[in-house]
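Descriptive structure summary
Here's the letter readout for the chains.
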Amino acid sequence: MFGKTQVKRLIKKYGRTAEIIDGGGNVISEEKACIQPLRYKNKMYLEGTPTEIGISESGYYMYIGPWNSDMSSYKFDGFLYDGSRYYTVDRAEPVYFKEDIIYMWAVLRETQGTALKTLEQ
């Protein structure tokens, strides 16, 4: 229980507000989460494209959120909105410490207008 409480406190303190939206455009929940560009250990963007001035972003992000948000259930038809971008969930898994889920981890992909078109319908 100690690990779960500490992780939840850190996400609440350092995370940003994010909405989990189902395929019909309904907000399922609003919670704090940490969303950052996804990089390899050498700090290069996942599937990034080398350019003369550096690496071009590929639109992949890492999500770390509360243990009680089951991101995997919105994997194929839902979205996540952080106030500035919409994301689809490519992969989501719970992270365990011993027998307890302490947080949810996901790979997000920024969506270019797909979410907005779905929500407007």
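Data block above holds the structure.
Residues numbered from 1 in each chain as written. Predicted model: local features only at pLDDT ≥ 70, side-chain atom pairs only at ≥ 80, totals over all residues. Heavy atoms only, no water.

Here we look at the environment of Tyr 86
If you trace the backbone, Tyr 86 turns up in strand S7 (residues 86-97). Between the C-alpha atom of Tyr 86 and that of Glu 19, which follows or precedes it by 67 residues, the distance is 9.5 Å. (Helix = DSSP H or I, 4+ residues; strand = E, 2+ residues; numbered from the N terminus.)

With respect to the sheet that holds S7
Here we have six strands rolled up into a closed barrel, ordered S1-S2-S5-S8-S7-S6, and antiparallel in their pairing. Here the strands of the sheet are splayed against their neighbours by 45° on average, with no regard to which way each runs. For strand S6 (residues 79-81) and S7, the ladder comprises two bridges, and the chain directions are antiparallel. Counterpart to Tyr 81 in the pairing with S7 is Tyr 86. (Pairing = 2+ DSSP bridges. Axes fitted to C-alpha atoms, helices over the stretch in contact; angles between N-to-C directions.)

Some words on unusual backbone geometry
The general pattern is negative phi for most residues beyond glycine and trans for most peptide bonds. Even without being glycine, Lys 98 reaches a positive phi, approximately 60°. Relative to the helices and strands, Lys 98 is located in the loop between S7 and strand S8 (100-110).

Some remarks on the pattern of salt bridges
With the rule as written, the count across this model stands at four salt bridges. Close ionic contact of Arg 109 with Asp 90 constitutes a salt bridge, the shortest N to O distance being 2.7 Å. Here Arg 109, found in strand S8, pairs with Asp 90, found in strand S7; they are 19 residues apart in sequence, far enough to count as distant. Overall, Arg 109 belongs to the partly exposed group, its relative accessible area being 36%. Relative accessible area serves as the criterion here: at 27%, Asp 90 is assigned to the partly exposed category. The closest approach of N and O atoms between Arg 91 and Glu 93, which form a salt bridge, is 2.4 Å. (Salt bridge = Lys/Arg side-chain N within 4 Å of Asp/Glu carboxyl O. Buried < 20%, exposed > 50% of the residue type's maximum accessible area, 1.4 Å probe, protein only.)

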